[in-house]
Amino acid sequence: MARTQKNKATAFHFGVLKARIAKLKRELITTKTSGSGGEGFDVPKSGVGRVGFVGFPSVGKSTLLTKLTGVFSEAAEYEFTTLTPIPGVLQINGAKIQMLDLPGIIEGAKDGKGKGRQVIAVARTCNLILLVLDVMKPLTHKHIIEKELEGYGIRLNKKPPHISFRVRDRGGVSITSTVQLTHLDNESIKAVLGEYRIHNADVGFFEDSTVDDLIDVVEGNRIYIPSIYVLNKIDQITIPELDIIDKIPHAVAISANHGWNLDELQDLIWEYLDLVRIYTKPKGHLPDYSAPVILRKNCRTVENFCNSIHKQILQQFKCAIVWGSSVKHNPQRVGKDHVLNDEDVIQILKKI
């Protein structure tokens, strides 16, 4: 495939081959997982989010965990010092975030080398992945780890394809599109579905998608996780080299050993987790700024706020009084569908 020229004439065959490879990979992973007698890593979730450290051995993951959380994670000059996930808790803006120092992975981790499957399986449960890299090592390490994670169905810093897909009993394959498709045509779409033995389905495209996007939707087991590339050990490079790596998207340069630039890393963790702080105001008292209620940006209505405290609050809910940037007037009475913003203050009024 790498040697074949990509054009309209070969696009059909590329689509069929990619779908066949994706299906075989899934079957291989399922067979090996069900047939292996090894034990996985069982790490209970805690806090409002989970952040996993993923990277090659000896890139500074354990030192970084110790600096951020104060939890001791053994670090040494030899590789594979960490053999099991080490959890810690990082507090940012009043939110408790679980940090996981995962064992180092190697090339071929998605195929089971070096307990790679267990490590990547834990990474799939994270809300954010810190891909820790050693700036003294080749940048190709970044692409190797991305390839290992993608081989296990993890998509970093990507959004789910805007494709609707529904299998039906009869009627053949119905294809609709609201945009012009430059990477796919009807024949290649039907060929990809045919590899999965799907001959009756409704497929709708709402963006100019690729064959990889279509395969991801059909597979249905892809997970989309934000990621920050943590470029560690910048104390060993020059200023011009630092200026170059600073241009890498989704990246932050740090020195875990010296504690350099960890504040910027924490700000990025908060930003990529998409969290908001909501402060409570009991009736007749000042707002409580010491213990905010933490919500996600995609679930931050007054109803979400009430459910995060106790589900029975909605049964007695009358209205809410809100102070902050989400209202035109301060204060303002709102209903349960009102969308809150970061650092809003809220007071719940109950029915008499």
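Residues numbered from 1 in each chain as written. Predicted model: local features only at pLDDT ≥ 70, side-chain atom pairs only at ≥ 80, totals over all residues. Heavy atoms only, no water.

> Please explain helix α4 (residues 140–150) as it appears in this structure.
Three- or four-residue spacings in an α-helix give side chains the same orientation, since the helix completes a turn every 3.6 residues. Among all positions in α4, only Lys142, Ile145, Glu146, Glu148 and Leu149 are buried. Buried residues along α4 cover an arc of 160° about the axis, so they all sit on one side. Where α4 is buried, its residues meet β1 (49–54), α3 (116–123), β4 (128–134), β5 (154–156) and β10 (227–232). (Buried < 20%, exposed > 50% of the residue type's maximum accessible area, 1.4 Å probe, protein only. Helix = DSSP H or I, 4+ residues; strand = E, 2+ residues; numbered from the N terminus. Arc of directions from axis to C-beta. Contact = heavy atoms within 4.5 Å.)

> Would you mind going over the sheet that holds strand β6 (residues 163–167) with me for this structure?
Two orientations exist for strands paired in a sheet by backbone hydrogen bonds: parallel and antiparallel. Pairing is mixed across the open sheet formed by three strands, whose spatial order is β6-β8-β7. The outermost strands of the open sheet, each flanked by one partner alone, are β6 and β7 (173–177). Pairwise comparison of adjacent strand axes, ignoring direction, gives a mean angle of 5° for this sheet. Bridging between β7 and strand β8 (residues 201–205) involves five bridges; their strand directions are parallel. Of the residues in β8, the one forming a bridge with serine 174 is aspartate 202. Taken strand by strand, helix α5 (residues 186–195) contacts β6, β7 and β8, and its axis lies near 130° from that of β7. Its contacts with the sheet place helix α6 (residues 211–219) against β6 and β8, and it is angled at close to 45° to β6. (Pairing = 2+ DSSP bridges. Axes fitted to C-alpha atoms, helices over the stretch in contact; angles between N-to-C directions.)

> Would you take a moment to explain the pairing of strand β16 (residues 344–350) for this structure?
Regular strands place side chains that alternate from one sheet face to the opposite one. With five of seven residues buried, β16 is to be regarded as a mostly interior element. Bridge analysis of strand β12 (residues 275–280) against β16 gives three bridges, and the strand direction is parallel. Residue pairing for β16: threonine 280 is matched across the bridge by isoleucine 346. As paired strands, strand β14 (residues 317–323) and β16 are joined by six bridges and run antiparallel to one another. If you follow tryptophan 323 over to β16, its bridge partner there is valine 345.

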